[in-house]
Amino acid sequence: MESKTKIKFSALLLGLFFSLPVVALDGDAAAGKASSAICMACHQADGNGMNIPGGESWPRLAGMDANYIYKQLVEFKSGKRVNASMAPFAMMLNDQQMKDLAVYYSQQSAGKAAGGGTDTELLAYGEKLVTQGDWDRYIVPCASCHGPGNKGAGAHFPGIAGQHAGYLESQLIAWQEGKRDNDPQHLMLAIAERMNDRDIKAVAAWLSTQPAH
Amino acid sequence: MKIKSIALLAGLVLAMSLSTSALAKQELRFPINMPEPKEGQVVHVPPTMDDLEASNLHPELKRTIRRGYDLFMNTQQLRGENVFNDMNCKSCHMGEGRLPFAAPVWRAAIAMPNFRGKNQHVNNLEERIAGCFAFSMNGKPPAYGSDDMIALTSYHQWLAKGLPIFERKNFYGAGYPIEKAPSTPSYDRGKKLYTENCAICHSDDGSGMRVDGTPHFPAVWGDLSYNWGAGISRMHTLAGFIRSNMPLGQPMTMSVQESWDIAEYIDSQERPQEPRFTGDVKDTRAKYLDTFHKHTNYGLEKQGRLLGDHENFGEKDFVKPDNLRPRTFK
(Lines give C-alpha, C1' and ligand atoms only; values in the text may rest on other atoms or scores of the structure.)
Protein backbone atom coordinates (compact mmCIF):
# COMPACT_ATOMS: atom_id res chain seq x y z
CA MET A 1 0.00 0.00 0.00
CA GLU A 2 2.19 2.76 -1.37
CA SER A 3 1.20 6.00 -2.93
CA LYS A 4 3.63 8.36 -4.52
CA THR A 5 2.93 11.84 -3.26
CA LYS A 6 1.33 11.40 0.10
CA ILE A 7 -0.21 14.45 1.61
CA LYS A 8 0.69 14.38 5.25
CA PHE A 9 -2.18 13.80 7.63
CA SER A 10 -0.95 16.44 10.01
CA ALA A 11 -0.21 18.93 7.28
CA LEU A 12 -3.82 18.98 6.16
CA LEU A 13 -5.07 19.18 9.70
CA LEU A 14 -2.79 22.08 10.46
CA GLY A 15 -4.03 23.87 7.39
CA LEU A 16 -7.46 23.61 8.87
CA PHE A 17 -6.89 24.74 12.39
CA PHE A 18 -5.02 27.84 11.38
CA SER A 19 -7.31 28.82 8.60
CA LEU A 20 -9.94 30.51 10.73
CA PRO A 21 -9.05 34.15 10.35
CA VAL A 22 -9.83 36.33 13.32
CA VAL A 23 -9.24 39.59 11.55
CA ALA A 24 -8.43 42.07 14.24
CA LEU A 25 -9.57 45.57 13.46
CA ASP A 26 -6.80 48.12 13.75
CA GLY A 27 -8.50 50.42 16.26
CA ASP A 28 -7.74 51.89 19.67
CA ALA A 29 -10.40 51.44 22.35
CA ALA A 30 -9.20 54.40 24.45
CA ALA A 31 -9.37 56.74 21.47
CA GLY A 32 -12.78 55.29 20.66
CA LYS A 33 -13.99 56.03 24.15
CA ALA A 34 -12.92 59.63 23.74
CA SER A 35 -14.89 59.98 20.47
CA SER A 36 -17.95 58.25 21.87
CA ALA A 37 -19.23 61.32 23.70
CA ILE A 38 -21.31 62.35 20.68
CA CYS A 39 -22.87 58.92 20.45
CA MET A 40 -24.06 58.65 24.04
CA ALA A 41 -27.20 60.71 23.63
CA CYS A 42 -28.70 57.82 21.75
CA HIS A 43 -26.58 54.71 22.25
CA GLN A 44 -26.13 55.56 25.97
CA ALA A 45 -22.95 55.80 28.01
CA ASP A 46 -22.65 52.04 28.39
CA GLY A 47 -23.33 51.43 24.68
CA ASN A 48 -26.51 49.53 25.43
CA GLY A 49 -28.86 51.79 23.48
CA MET A 50 -32.53 52.02 24.33
CA ASN A 51 -35.79 50.46 23.30
CA ILE A 52 -38.31 53.17 22.48
CA PRO A 53 -41.84 51.83 22.09
CA GLY A 54 -43.68 53.63 19.30
CA GLY A 55 -40.54 55.58 18.34
CA GLU A 56 -37.16 54.96 16.79
CA SER A 57 -35.14 52.65 19.02
CA TRP A 58 -31.40 53.06 19.49
CA PRO A 59 -29.56 49.78 18.97
CA ARG A 60 -27.21 48.26 21.49
CA LEU A 61 -23.65 48.45 20.19
CA ALA A 62 -21.97 47.04 23.33
CA GLY A 63 -20.40 43.66 22.66
CA MET A 64 -21.15 43.64 18.92
CA ASP A 65 -18.43 42.42 16.57
CA ALA A 66 -15.95 45.23 15.83
CA ASN A 67 -15.75 44.52 12.12
CA TYR A 68 -19.52 44.55 11.85
CA ILE A 69 -19.78 47.92 13.66
CA TYR A 70 -17.06 49.35 11.44
CA LYS A 71 -18.82 48.15 8.28
CA GLN A 72 -22.06 49.79 9.35
CA LEU A 73 -20.36 53.12 10.10
CA VAL A 74 -18.60 53.10 6.73
CA GLU A 75 -21.88 52.39 5.01
CA PHE A 76 -23.84 55.07 6.89
CA LYS A 77 -21.18 57.52 5.78
CA SER A 78 -21.13 56.39 2.15
CA GLY A 79 -24.93 56.34 1.99
CA LYS A 80 -25.13 52.62 1.34
CA ARG A 81 -27.09 52.34 4.59
CA VAL A 82 -29.58 55.13 5.06
CA ASN A 83 -30.95 56.53 8.34
CA ALA A 84 -31.63 60.18 9.04
CA SER A 85 -30.83 60.07 12.78
CA MET A 86 -27.61 58.19 12.43
CA ALA A 87 -26.13 59.52 9.19
CA PRO A 88 -25.00 62.97 10.45
CA PHE A 89 -22.93 61.36 13.19
CA ALA A 90 -21.26 58.91 10.84
CA MET A 91 -20.45 61.82 8.52
CA MET A 92 -18.36 63.40 11.27
CA LEU A 93 -16.07 60.41 11.60
CA ASN A 94 -12.88 59.65 9.72
CA ASP A 95 -11.78 56.10 9.02
CA GLN A 96 -9.55 55.81 12.08
CA GLN A 97 -12.25 57.15 14.39
CA MET A 98 -14.66 54.55 13.04
CA LYS A 99 -12.18 51.80 13.79
CA ASP A 100 -11.51 53.16 17.26
CA LEU A 101 -15.21 53.41 18.05
CA ALA A 102 -15.86 49.93 16.67
CA VAL A 103 -13.19 48.40 18.89
CA TYR A 104 -14.36 50.42 21.89
CA TYR A 105 -17.98 49.34 21.62
CA SER A 106 -17.09 45.73 20.85
CA GLN A 107 -15.34 45.57 24.22
CA GLN A 108 -18.26 47.00 26.24
CA SER A 109 -20.43 44.42 27.92
CA ALA A 110 -23.98 43.91 26.78
CA GLY A 111 -26.80 44.57 29.23
CA LYS A 112 -30.36 43.35 29.08
CA ALA A 113 -32.47 44.32 26.09
CA ALA A 114 -36.07 45.53 26.29
CA GLY A 115 -39.30 45.27 24.34
CA GLY A 116 -40.02 41.56 24.65
CA GLY A 117 -43.40 42.13 26.26
CA THR A 118 -45.47 39.55 28.09
CA ASP A 119 -47.48 37.92 25.33
CA THR A 120 -46.42 34.34 26.03
CA GLU A 121 -48.07 32.98 22.92
CA LEU A 122 -46.24 35.47 20.73
CA LEU A 123 -42.96 34.74 22.49
CA ALA A 124 -43.40 31.00 22.02
CA TYR A 125 -44.14 31.50 18.33
CA GLY A 126 -41.08 33.75 18.05
CA GLU A 127 -38.88 31.13 19.67
CA LYS A 128 -40.11 28.49 17.24
CA LEU A 129 -39.56 30.65 14.18
CA VAL A 130 -36.09 31.75 15.29
CA THR A 131 -34.84 28.30 16.28
CA GLN A 132 -36.56 26.10 13.68
CA GLY A 133 -37.46 28.52 10.92
CA ASP A 134 -40.36 27.72 8.63
CA TRP A 135 -38.95 25.80 5.69
CA ASP A 136 -42.31 25.48 3.98
CA ARG A 137 -42.04 29.26 3.46
CA TYR A 138 -38.26 29.07 3.14
CA ILE A 139 -37.66 31.10 6.28
CA VAL A 140 -34.28 29.66 7.26
CA PRO A 141 -33.69 29.36 11.04
CA CYS A 142 -31.94 32.58 12.12
CA ALA A 143 -29.15 30.72 13.93
CA SER A 144 -28.12 29.03 10.66
CA CYS A 145 -26.48 32.37 9.87
CA HIS A 146 -26.43 34.39 13.09
CA GLY A 147 -24.51 31.71 14.96
CA PRO A 148 -25.17 29.46 17.95
CA GLY A 149 -27.71 31.17 20.20
CA ASN A 150 -27.92 33.95 17.58
CA LYS A 151 -24.93 35.52 19.31
CA GLY A 152 -23.16 36.29 16.07
CA ALA A 153 -20.76 34.50 13.70
CA GLY A 154 -17.69 36.34 12.45
CA ALA A 155 -17.71 39.78 10.92
CA HIS A 156 -20.66 39.34 8.59
CA PHE A 157 -23.35 37.79 10.78
CA PRO A 158 -24.10 40.10 13.72
CA GLY A 159 -25.46 38.93 17.04
CA ILE A 160 -29.21 39.55 17.16
CA ALA A 161 -29.97 37.93 20.52
CA GLY A 162 -30.23 40.44 23.33
CA GLN A 163 -30.91 43.33 20.95
CA HIS A 164 -33.84 45.68 21.59
CA ALA A 165 -37.09 44.43 20.08
CA GLY A 166 -37.99 47.80 18.60
CA TYR A 167 -34.73 47.97 16.71
CA LEU A 168 -34.89 44.37 15.43
CA GLU A 169 -38.41 44.97 14.18
CA SER A 170 -37.47 48.22 12.47
CA GLN A 171 -34.63 46.56 10.56
CA LEU A 172 -36.73 43.67 9.26
CA ILE A 173 -39.35 46.15 8.08
CA ALA A 174 -36.63 48.35 6.56
CA TRP A 175 -35.46 45.40 4.47
CA GLN A 176 -39.00 44.66 3.35
CA GLU A 177 -39.55 48.26 2.32
CA GLY A 178 -36.23 48.44 0.51
CA LYS A 179 -34.89 51.00 3.00
CA ARG A 180 -32.07 48.77 4.23
CA ASP A 181 -30.18 47.20 1.40
CA ASN A 182 -26.59 46.88 2.61
CA ASP A 183 -26.45 43.16 3.48
CA PRO A 184 -23.81 41.09 1.70
CA GLN A 185 -25.32 39.10 -1.22
CA HIS A 186 -28.75 40.12 0.07
CA LEU A 187 -28.62 37.16 2.38
CA MET A 188 -30.82 38.94 4.92
CA LEU A 189 -33.19 40.54 2.44
CA ALA A 190 -34.14 37.15 1.02
CA ILE A 191 -35.26 36.00 4.47
CA ALA A 192 -36.85 39.27 5.65
CA GLU A 193 -39.10 39.63 2.62
CA ARG A 194 -40.70 36.24 3.28
CA MET A 195 -41.81 37.23 6.78
CA ASN A 196 -45.24 38.60 7.67
CA ASP A 197 -46.03 41.19 10.35
CA ARG A 198 -46.71 38.64 13.05
CA ASP A 199 -43.48 36.78 12.26
CA ILE A 200 -41.52 40.00 12.66
CA LYS A 201 -43.17 40.99 15.94
CA ALA A 202 -42.66 37.51 17.34
CA VAL A 203 -38.99 37.03 16.44
CA ALA A 204 -38.10 40.54 17.61
CA ALA A 205 -39.87 40.03 20.93
CA TRP A 206 -38.30 36.65 21.64
CA LEU A 207 -34.77 37.55 20.52
CA SER A 208 -34.77 40.57 22.82
CA THR A 209 -35.34 38.28 25.82
CA GLN A 210 -32.30 36.15 24.98
CA PRO A 211 -28.76 36.59 26.31
CA ALA A 212 -26.39 38.51 24.01
CA HIS A 213 -23.31 36.63 25.23
CA MET B 1 -54.15 3.81 -1.25
CA LYS B 2 -54.17 7.29 -2.63
CA ILE B 3 -51.08 9.41 -2.62
CA LYS B 4 -51.51 13.11 -2.02
CA SER B 5 -51.96 14.90 -5.26
CA ILE B 6 -50.15 17.71 -6.90
CA ALA B 7 -52.61 20.20 -5.50
CA LEU B 8 -51.09 19.64 -2.08
CA LEU B 9 -47.81 21.01 -3.26
CA ALA B 10 -49.36 24.32 -2.41
CA GLY B 11 -48.69 23.49 1.20
CA LEU B 12 -45.02 23.21 0.60
CA VAL B 13 -43.78 25.61 -2.00
CA LEU B 14 -46.47 27.86 -3.33
CA ALA B 15 -47.98 28.85 0.00
CA MET B 16 -45.26 31.42 0.31
CA SER B 17 -46.89 33.85 -2.04
CA LEU B 18 -50.12 33.67 -0.06
CA SER B 19 -48.76 34.06 3.41
CA THR B 20 -46.33 36.93 3.14
CA SER B 21 -47.34 40.25 4.59
CA ALA B 22 -48.99 43.16 2.90
CA LEU B 23 -45.65 44.90 2.83
CA ALA B 24 -43.99 42.14 0.92
CA LYS B 25 -46.90 41.75 -1.46
CA GLN B 26 -44.89 43.53 -4.07
CA GLU B 27 -42.77 41.25 -6.16
CA LEU B 28 -40.24 39.33 -4.07
CA ARG B 29 -36.67 40.00 -5.06
CA PHE B 30 -35.76 36.42 -4.10
CA PRO B 31 -38.78 34.32 -5.09
CA ILE B 32 -38.55 30.56 -4.52
CA ASN B 33 -38.56 29.35 -8.09
CA MET B 34 -38.73 25.63 -7.39
CA PRO B 35 -39.77 23.70 -10.50
CA GLU B 36 -43.41 22.67 -10.86
CA PRO B 37 -44.16 18.96 -10.66
CA LYS B 38 -43.93 17.26 -14.05
CA GLU B 39 -46.70 15.20 -15.56
CA GLY B 40 -46.97 11.90 -13.72
CA GLN B 41 -44.87 12.92 -10.73
CA VAL B 42 -46.13 12.16 -7.25
CA VAL B 43 -45.90 14.90 -4.64
CA HIS B 44 -45.44 13.86 -1.03
CA VAL B 45 -45.78 16.47 1.69
CA PRO B 46 -44.08 14.93 4.73
CA PRO B 47 -45.58 15.55 8.17
CA THR B 48 -43.89 17.96 10.59
CA MET B 49 -42.85 17.60 14.21
CA ASP B 50 -45.98 19.56 15.15
CA ASP B 51 -48.04 16.93 13.37
CA LEU B 52 -46.23 14.36 15.48
CA GLU B 53 -47.16 16.08 18.71
CA ALA B 54 -50.76 16.32 17.57
CA SER B 55 -50.91 12.65 16.53
CA ASN B 56 -52.17 9.82 18.68
CA LEU B 57 -49.01 7.74 18.44
CA HIS B 58 -47.81 6.04 21.61
CA PRO B 59 -45.88 8.50 23.85
CA GLU B 60 -42.85 6.21 23.76
CA LEU B 61 -42.91 6.19 19.95
CA LYS B 62 -43.14 9.98 19.94
CA ARG B 63 -40.05 10.08 22.16
CA THR B 64 -38.21 7.79 19.75
CA ILE B 65 -39.08 9.90 16.70
CA ARG B 66 -38.13 13.10 18.56
CA ARG B 67 -34.76 11.55 19.37
CA GLY B 68 -34.31 10.66 15.69
CA TYR B 69 -35.14 14.23 14.69
CA ASP B 70 -32.66 15.53 17.25
CA LEU B 71 -29.91 13.25 15.92
CA PHE B 72 -30.71 14.29 12.36
CA MET B 73 -30.50 18.01 13.15
CA ASN B 74 -27.56 17.80 15.55
CA THR B 75 -25.50 14.81 14.51
CA GLN B 76 -22.45 16.44 16.05
CA GLN B 77 -23.56 14.93 19.36
CA LEU B 78 -22.10 11.69 17.93
CA ARG B 79 -18.76 13.36 17.15
CA GLY B 80 -15.76 11.12 17.71
CA GLU B 81 -17.91 8.03 17.87
CA ASN B 82 -19.90 7.95 14.65
CA VAL B 83 -19.13 11.32 13.10
CA PHE B 84 -15.63 12.50 12.23
CA ASN B 85 -16.26 15.69 10.28
CA ASP B 86 -18.21 18.95 10.72
CA MET B 87 -21.48 17.70 9.19
CA ASN B 88 -24.97 17.09 10.47
CA CYS B 89 -27.51 15.12 8.44
CA LYS B 90 -29.35 18.38 7.82
CA SER B 91 -26.22 19.91 6.28
CA CYS B 92 -27.19 18.23 3.01
CA HIS B 93 -30.76 17.10 3.66
CA MET B 94 -31.93 20.65 4.13
CA GLY B 95 -34.93 21.68 6.14
CA GLU B 96 -35.14 18.68 8.51
CA GLY B 97 -34.83 16.18 5.66
CA ARG B 98 -38.20 17.31 4.31
CA LEU B 99 -37.28 19.81 1.61
CA PRO B 100 -37.81 18.89 -2.05
CA PHE B 101 -34.64 18.95 -4.19
CA ALA B 102 -32.52 18.37 -1.08
CA ALA B 103 -32.75 14.58 -1.20
CA PRO B 104 -35.68 14.40 1.24
CA VAL B 105 -34.98 11.29 3.24
CA TRP B 106 -38.49 9.81 3.37
CA ARG B 107 -38.02 8.24 -0.05
CA ALA B 108 -35.60 5.69 1.35
CA ALA B 109 -38.12 4.66 3.98
CA ILE B 110 -40.41 3.27 1.29
CA ALA B 111 -37.88 2.43 -1.44
CA MET B 112 -35.84 0.23 0.88
CA PRO B 113 -35.14 -2.64 1.01
CA ASN B 114 -33.69 -2.37 -2.46
CA PHE B 115 -30.63 -3.30 -4.50
CA ARG B 116 -28.08 -0.45 -4.53
CA GLY B 117 -25.67 -0.08 -7.40
CA LYS B 118 -23.13 1.61 -5.17
CA ASN B 119 -22.51 -1.43 -2.98
CA GLN B 120 -24.03 -4.14 -5.17
CA HIS B 121 -26.30 -5.72 -2.61
CA VAL B 122 -29.72 -5.30 -1.08
CA ASN B 123 -29.80 -2.59 1.58
CA ASN B 124 -32.48 -1.85 4.12
CA LEU B 125 -33.17 1.60 5.56
CA GLU B 126 -30.57 1.20 8.31
CA GLU B 127 -27.91 0.37 5.76
CA ARG B 128 -28.91 3.32 3.59
CA ILE B 129 -28.41 5.58 6.60
CA ALA B 130 -25.16 3.76 7.39
CA GLY B 131 -23.95 4.76 3.93
CA CYS B 132 -24.26 8.45 4.76
CA PHE B 133 -22.47 7.88 8.08
CA ALA B 134 -19.55 6.12 6.39
CA PHE B 135 -19.11 8.56 3.51
CA SER B 136 -20.93 11.86 4.05
CA MET B 137 -20.07 12.03 7.77
CA ASN B 138 -16.66 10.38 7.17
CA GLY B 139 -17.59 8.17 10.08
CA LYS B 140 -18.74 4.88 11.45
CA PRO B 141 -22.43 4.00 11.42
CA PRO B 142 -24.10 3.33 14.77
CA ALA B 143 -24.63 -0.41 15.18
CA TYR B 144 -27.65 -1.85 13.38
CA GLY B 145 -30.47 -2.17 15.86
CA SER B 146 -28.84 0.28 18.27
CA ASP B 147 -30.93 2.90 20.05
CA ASP B 148 -29.63 5.70 17.82
CA MET B 149 -30.22 3.70 14.65
CA ILE B 150 -33.77 2.88 15.70
CA ALA B 151 -34.43 6.54 16.53
CA LEU B 152 -33.12 7.63 13.12
CA THR B 153 -35.08 5.06 11.12
CA SER B 154 -38.21 5.94 13.10
CA TYR B 155 -37.83 9.59 12.12
CA HIS B 156 -37.32 8.65 8.46
CA GLN B 157 -40.41 6.44 8.48
CA TRP B 158 -42.46 9.13 10.20
CA LEU B 159 -41.64 11.47 7.31
CA ALA B 160 -42.89 8.84 4.86
CA LYS B 161 -46.27 8.65 6.62
CA GLY B 162 -49.07 7.73 4.24
CA LEU B 163 -46.89 6.46 1.39
CA PRO B 164 -47.21 2.87 0.19
CA ILE B 165 -44.09 0.76 0.58
CA PHE B 166 -42.36 -0.93 -2.38
CA GLU B 167 -43.91 1.45 -4.88
CA ARG B 168 -41.31 2.75 -7.29
CA LYS B 169 -42.87 6.10 -8.06
CA ASN B 170 -41.44 9.11 -9.78
CA PHE B 171 -41.43 11.40 -6.77
CA TYR B 172 -41.37 15.17 -7.11
CA GLY B 173 -38.22 16.74 -5.60
CA ALA B 174 -36.40 13.47 -4.87
CA GLY B 175 -32.59 13.47 -4.90
CA TYR B 176 -30.67 16.47 -6.24
CA PRO B 177 -31.71 16.57 -9.89
CA ILE B 178 -30.16 18.95 -12.43
CA GLU B 179 -30.04 19.30 -16.20
CA LYS B 180 -26.85 18.55 -18.13
CA ALA B 181 -24.27 21.33 -18.24
CA PRO B 182 -24.79 23.51 -21.33
CA SER B 183 -21.02 23.70 -21.78
CA THR B 184 -18.01 21.99 -20.19
CA PRO B 185 -17.79 23.00 -16.51
CA SER B 186 -14.95 25.42 -15.90
CA TYR B 187 -12.69 25.44 -12.84
CA ASP B 188 -11.79 29.09 -13.36
CA ARG B 189 -15.37 30.28 -13.65
CA GLY B 190 -16.25 28.07 -10.68
CA LYS B 191 -13.51 29.57 -8.57
CA LYS B 192 -14.70 33.09 -9.27
CA LEU B 193 -18.33 32.20 -8.56
CA TYR B 194 -17.35 30.41 -5.36
CA THR B 195 -15.43 33.44 -4.12
CA GLU B 196 -18.33 35.76 -4.84
CA ASN B 197 -21.21 33.62 -3.61
CA CYS B 198 -20.02 31.00 -1.18
CA ALA B 199 -16.79 31.99 0.56
CA ILE B 200 -18.52 34.38 2.97
CA CYS B 201 -19.82 31.26 4.77
CA HIS B 202 -17.71 28.32 3.60
CA SER B 203 -14.45 30.38 3.57
CA ASP B 204 -11.92 30.71 0.79
CA ASP B 205 -10.16 27.50 1.79
CA GLY B 206 -13.40 25.50 1.96
CA SER B 207 -13.10 24.81 5.69
CA GLY B 208 -16.38 26.50 6.56
CA MET B 209 -16.65 28.43 9.81
CA ARG B 210 -16.51 27.46 13.43
CA VAL B 211 -17.82 29.61 16.27
CA ASP B 212 -16.14 29.05 19.63
CA GLY B 213 -14.84 25.75 18.35
CA THR B 214 -18.20 24.34 17.24
CA PRO B 215 -19.01 23.80 13.56
CA HIS B 216 -21.28 26.55 12.21
CA PHE B 217 -20.96 26.62 8.42
CA PRO B 218 -19.93 23.13 7.23
CA ALA B 219 -16.68 22.47 5.35
CA VAL B 220 -17.08 21.95 1.60
CA TRP B 221 -13.63 20.42 1.22
CA GLY B 222 -10.61 19.59 3.37
CA ASP B 223 -10.21 17.32 6.38
CA LEU B 224 -13.51 18.11 8.03
CA SER B 225 -15.69 17.68 4.96
CA TYR B 226 -17.26 14.54 3.43
CA ASN B 227 -14.85 11.96 1.98
CA TRP B 228 -14.12 10.90 -1.60
CA GLY B 229 -16.69 8.13 -1.45
CA ALA B 230 -19.63 10.40 -0.54
CA GLY B 231 -22.52 10.65 -2.98
CA ILE B 232 -22.22 14.41 -3.15
CA SER B 233 -18.66 14.15 -4.48
CA ARG B 234 -20.30 13.16 -7.78
CA MET B 235 -20.39 16.23 -9.99
CA HIS B 236 -24.05 16.00 -11.00
CA THR B 237 -25.13 15.50 -7.39
CA LEU B 238 -23.09 18.44 -6.12
CA ALA B 239 -24.24 20.65 -8.99
CA GLY B 240 -27.85 19.68 -8.28
CA PHE B 241 -27.45 20.39 -4.58
CA ILE B 242 -26.00 23.82 -5.28
CA ARG B 243 -28.62 24.81 -7.82
CA SER B 244 -31.55 24.00 -5.54
CA ASN B 245 -30.08 24.91 -2.14
CA MET B 246 -27.22 27.40 -2.19
CA PRO B 247 -26.42 30.16 -1.35
CA LEU B 248 -28.36 29.50 1.84
CA GLY B 249 -31.84 31.04 1.60
CA GLN B 250 -31.54 31.73 -2.13
CA PRO B 251 -32.34 28.50 -3.97
CA MET B 252 -32.35 28.44 -7.79
CA THR B 253 -30.34 31.64 -8.07
CA MET B 254 -27.22 29.97 -9.49
CA SER B 255 -27.87 28.99 -13.11
CA VAL B 256 -27.44 25.40 -14.29
CA GLN B 257 -24.09 26.28 -15.85
CA GLU B 258 -22.92 28.18 -12.78
CA SER B 259 -23.85 25.27 -10.53
CA TRP B 260 -21.77 22.88 -12.65
CA ASP B 261 -18.86 25.33 -12.72
CA ILE B 262 -18.82 25.61 -8.93
CA ALA B 263 -19.14 21.83 -8.62
CA GLU B 264 -16.09 21.42 -10.85
CA TYR B 265 -14.16 23.83 -8.63
CA ILE B 266 -15.17 22.15 -5.35
CA ASP B 267 -14.63 18.66 -6.74
CA SER B 268 -11.08 19.66 -7.74
CA GLN B 269 -10.08 20.10 -4.08
CA GLU B 270 -8.76 17.56 -1.60
CA ARG B 271 -10.83 15.73 0.98
CA PRO B 272 -10.46 12.63 3.19
CA GLN B 273 -9.62 9.37 1.45
CA GLU B 274 -12.32 7.10 -0.01
CA PRO B 275 -13.09 4.43 2.66
CA ARG B 276 -12.97 1.76 -0.06
CA PHE B 277 -9.33 2.73 -0.79
CA THR B 278 -7.29 -0.21 -2.05
CA GLY B 279 -3.98 1.48 -1.34
CA ASP B 280 -3.75 3.01 -4.79
CA VAL B 281 -5.96 5.82 -6.00
CA LYS B 282 -5.97 4.87 -9.70
CA ASP B 283 -6.75 1.30 -8.78
CA THR B 284 -9.57 2.40 -6.47
CA ARG B 285 -10.99 4.69 -9.13
CA ALA B 286 -10.92 1.89 -11.68
CA LYS B 287 -12.52 -0.59 -9.29
CA TYR B 288 -15.51 1.66 -8.60
CA LEU B 289 -15.52 3.54 -11.90
CA ASP B 290 -18.80 2.36 -13.35
CA THR B 291 -20.77 2.30 -10.14
CA PHE B 292 -19.45 5.63 -8.85
CA HIS B 293 -16.23 7.36 -9.77
CA LYS B 294 -16.99 8.06 -13.43
CA HIS B 295 -18.90 10.99 -11.92
CA THR B 296 -16.11 12.27 -9.61
CA ASN B 297 -12.68 13.84 -10.06
CA TYR B 298 -11.15 11.30 -7.65
CA GLY B 299 -7.98 9.81 -9.13
CA LEU B 300 -7.86 12.41 -11.90
CA GLU B 301 -5.21 15.05 -12.30
CA LYS B 302 -6.62 18.53 -11.73
CA GLN B 303 -4.63 21.76 -11.49
CA GLY B 304 -1.43 19.71 -11.68
CA ARG B 305 -2.37 17.49 -8.74
CA LEU B 306 -3.51 13.87 -8.63
CA LEU B 307 -6.64 14.04 -6.49
CA GLY B 308 -7.05 11.47 -3.73
CA ASP B 309 -3.40 10.39 -3.84
CA HIS B 310 -2.84 10.42 -0.09
CA GLU B 311 -3.48 8.51 3.10
CA ASN B 312 -5.36 11.17 4.94
CA PHE B 313 -8.55 9.68 6.35
CA GLY B 314 -9.54 12.85 8.19
CA GLU B 315 -10.06 12.74 11.92
CA LYS B 316 -10.81 9.03 12.16
CA ASP B 317 -8.23 6.33 12.86
CA PHE B 318 -9.73 3.65 10.62
CA VAL B 319 -10.18 3.32 6.87
CA LYS B 320 -13.51 1.59 6.37
CA PRO B 321 -16.07 1.02 9.13
CA ASP B 322 -16.37 -2.69 9.86
CA ASN B 323 -20.16 -2.74 9.89
CA LEU B 324 -20.35 -2.05 6.16
CA ARG B 325 -20.51 -5.52 4.66
CA PRO B 326 -22.01 -7.21 1.60
CA ARG B 327 -24.48 -10.10 1.70
CA THR B 328 -26.17 -12.46 -0.68
CA PHE B 329 -28.63 -15.38 -0.45
CA LYS B 330 -28.11 -18.51 -2.47
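Parameters at a glance
- Residues numbered from 1 in each chain as written.
- Chains lettered and ligands numbered in written order.
- Predicted model: local features only at pLDDT ≥ 70, side-chain atom pairs only at ≥ 80, totals over all residues.
- Heavy atoms only, no water.
- Buried < 20%, exposed > 50% of the residue type's maximum accessible area, 1.4 Å probe, protein only.
- Helix = DSSP H or I, 4+ residues; strand = E, 2+ residues; numbered from the N terminus.
- Salt bridge = Lys/Arg side-chain N within 4 Å of Asp/Glu carboxyl O.
- Core = buried A, V, L, I, M, F, W, Y, C linked by side-chain atoms within 4.5 Å.
- Contact = heavy atoms within 4.5 Å.
- Phe/Tyr/Trp six-rings, centres within 6.5 Å; stacked < 30°, edge-to-face > 60°.
- Lys NZ or Arg CZ within 6 Å of the ring centre and 35° of its normal.
- Domains from an automatic or database assignment.
- Buried area = accessible area lost by both parts, 1.4 Å probe.
- Polar contact = N/O pair within 3.5 Å; in protein donor to acceptor, adjacent residues only side chain to side chain.
- Nonpolar A, V, L, I, M, F, W, Y, C, P; charged D, E, K, R; others polar.

### Observations regarding helix H10 (residues 256-266) of chain B
Since the α-helix packs 3.6 residues into each turn, any two residues three or four apart lie on the same face. Burial analysis of H10 of chain B places 10 of its 11 residues in the buried class, the great majority of the element. When we look at burial in H10 of chain B, the residues that qualify are Val256, Gln257, Ser259, Trp260, Asp261, Ile262, Ala263, Glu264, Tyr265 and Ile266 of chain B.

### Let's talk about the pattern of salt bridges
Opposite charge on two side chains makes pairing possible when the charged atoms of those side chains draw close. Residues and elements named next belong to chain B. A full pass over the atoms with the stated rule returns 24 salt bridges over all chains. For Arg327, the salt bridge identified is with Glu127, shortest N-O distance 2.9 Å. Remark: Glu127 occurs in helix H5 (residues 125-136) and Arg327 occurs in the segment after strand S6 (305-306); sequence separation between them is 200 residues. Assessed through its relative accessible area of 8%, Glu127 is described here as buried. The structure contains a network of salt bridges with shared partners spanning Arg79, Asp86, Arg210 and Glu315.

### As for the nonpolar core
Core analysis: the biggest nonpolar cluster contains 109 residues, and Tyr194 and Ile266 of chain B have the highest contact counts within it. Counting residues per element, this core draws most heavily on helix H11 (residues 197-208) of chain A, which supplies seven residues. Aside from chain neighbours lying at most four places away, what touches Ile266 of chain B is Tyr194, Val220, Trp221, Tyr226, Leu238, Ile242 and Arg271 of chain B. With 20 residues, the next largest nonpolar core counts Cys39, Met64, Leu101 and Tyr105 of chain A among its residues.

### Focus: the packing of aromatic side chains
All told, the structure shown has 15 aromatic pairs over all chains when counted by the stated rule. Note on Trp135 of chain A and Tyr138 of chain A: the rings are 5.4 Å apart at their centroids and 70 degrees apart in plane angle, and the pair reads as edge-to-face. The pair Trp135 of chain A / Tyr138 of chain A is uniform in exposure class, with both members buried. What links up through ring pairs into an aromatic cluster is the set Tyr187, Tyr194, Trp221 and Tyr265 of chain B. The positively charged end of Arg271 of chain B is found above the aromatic ring belonging to Tyr226 of chain B, 3.8 Å away from the centroid. The ring of Tyr288 of chain B has Arg276 of chain B lying over it, and the distance from NZ or CZ to the ring centre is 4.2 Å.

### What about the domain arrangement of chain B?
Residues and elements named next belong to chain B. Structurally, chain B comprises domain 1 (1-43) and domain 2 (187-306). With five residues of domain 1 in contact, the opposing surface of domain 2 contributes five residues. Counting the surface lost from both domain 1 and domain 2, the interface buries some 410 Å², and carbon and sulfur atoms represent 77% of this. Counting across the interface, domain 1 meets domain 2 through zero salt bridges. There are zero residue pairs in polar contact (both at pLDDT 80 or more) connecting domain 1 and domain 2. In terms of residue class, the side of domain 1 that touches domain 2 is made up of four nonpolar, one polar and no charged.

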